[in-house]
Amino acid sequence: MGIKVVPRYGKSFKDKLYLPAIAGGMKTTFKHFVKNLTDINNLKTMQYPEVQPTDLNERYRGVHRLTKHENDTEKCVACFMCATACPADCIFIEAQERFDGYDEKRPKEFKIDLLECVFCGYCVEACPCDAIRMDTGIFAFTASKREDFILDKKALMANERSKDLNNG
């Protein structure tokens, strides 16, 4: 077996200047600019935030929600699987005993810090009882204080699945 020698490119003075590459990039940019300027009706733009997108993919990961049983109690059994799977460590759960006959325990506190969350969906995949989902369709979550980005159990249970995603 011999050693394979791979030739390096860019040794010439012309290649080291990068001017031809910059000129080529500027040429492409100028072509797109002229095309978009002459045919403005063909632009694929949206007047956001006045016009909200309605064609969200069914797999889109929006703001979290906690699912409920028929009697409006949470399905979460406080198993800490979502918090363990979370790479950003943004899920905080405090468990308590449950006496309503559904499960042994439930979350006394369940908080998600959306400022730390990377919206990866690992918490949804890790949940054994389908208690947490990211199918609300809420993609523009705004607030004026840092504390408003920490969703507690009440806020997570108030989030509902988007009607647009129900039809998908």
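Rules and cut-offs
Residues numbered from 1 in each chain as written. Predicted model: local features only at pLDDT ≥ 70, side-chain atom pairs only at ≥ 80, totals over all residues. Heavy atoms only, no water. Core = buried A, V, L, I, M, F, W, Y, C linked by side-chain atoms within 4.5 Å. Buried < 20%, exposed > 50% of the residue type's maximum accessible area, 1.4 Å probe, protein only. Helix = DSSP H or I, 4+ residues; strand = E, 2+ residues; numbered from the N terminus. Contact = heavy atoms within 4.5 Å. Pairing = 2+ DSSP bridges. UniProt positions renumbered as here; feature names shortened; annotations may be inferred. Patch = residues over 30% accessible without salt bridge, like charges linked within 9 Å, V, L, I, M, F, W, Y side chains within 5 Å. Areas by Shrake-Rupley, 256 points an atom, 1.4 Å probe, with all protein chains shown as cover. Salt bridge = Lys/Arg side-chain N within 4 Å of Asp/Glu carboxyl O.

### Overview of the nonpolar core
Thought 1: Membership of the largest hydrophobic core comes to 23 residues, with the highest contact counts inside it found for Ile91, Ile93, Phe110, Ile112 and Ile132.
Thought 2: The set of elements that each furnish at least two residues to this core consists of helix H3 (81-85), strand S2 (91-97), strand S3 (105-113) and helix H5 (153-158).
Thought 3: With residues up to four places along the chain from it excluded, the contact list for isoleucine 91 reads Cys82, Ala83, Cys86, Phe110, Lys111, Ile112 and Cys123.

### Points about the sheet that holds S3
Thought 1: With respect to topology, 3 strands assemble into an open sheet ordered S2-S3-S5, the strand pairing being antiparallel. The open sheet has two edge strands, S2 and strand S5 (150-151), and neither has a second partner.

### A short note on the UniProt feature "binding site: [4Fe-4S] cluster 1" (unreviewed entry) in the chain
Thought 1: Here, the residues flagged by UniProt with the feature "binding site: [4Fe-4S] cluster 1" (unreviewed entry) are Cys76, Cys79, Cys82 and Cys127. On the basis of their most widely separated C-alpha atoms, the annotated residues across 52 residues gather in one place, lying no more than 10.2 Å apart.
Thought 2: Tracing the chain through its elements places cysteine 76 in the loop between strand S1 (65-66) and H3.
Thought 3: Accessibility expressed as a relative area gives 8% for cysteine 76, which makes it buried.
Thought 4: Excluding its chain neighbours within four sequence positions, the residues that come into contact with cysteine 76 are Arg98, Lys105, Arg106, Pro107, Phe110 and Ala131.
Thought 5: Within the fold, cysteine 127 resides in the loop between helix H4 (122-126) and strand S4 (132-133).

### Quick word on the environment of valine 63
Thought 1: Relative to the assigned elements, valine 63 resides in the loop between helix H2 (19-38) and S1.
Thought 2: Along the chain, valine 63 and arginine 133 lie 70 residues apart, while their C-alpha atoms are 8.5 Å from each other.
Thought 3: Valine 63 has contacts with Leu114, Phe119, Arg133, Met134, Asp135, Thr136, Ile138, Phe141, Leu151 and Asn159, leaving out every residue within four places of it along the chain.

### Quick look at the UniProt feature "binding site: [4Fe-4S] cluster 2" (unreviewed entry) in the chain
Thought 1: Taken from the UniProt record, the annotation "binding site: [4Fe-4S] cluster 2" (unreviewed entry) applies to Cys86, Cys117, Cys120 and Cys123. These residues run over 38 residues, yet every pair of their C-alpha atoms falls within 10.5 Å of each other.
Thought 2: Structurally, cysteine 120 is set in the loop between S3 and H4.
Thought 3: When you line up the elements, cysteine 123 lands in helix H4.
Thought 4: Overall, cysteine 123 belongs to the buried group, its relative accessible area being 7%.

### With respect to a nonpolar patch on the surface
Thought 1: A cluster of nonpolar residues, Phe13, Leu17, Tyr18, Leu19, Ile22 and Met26, forms a patch on the protein surface that exposes about 700 Å² of accessible area.
Thought 2: With 3 residues, the single largest contributor to the nonpolar patch is H2.
Thought 3: Judged by relative accessible area, methionine 26 falls into the exposed class, the value being 55%.

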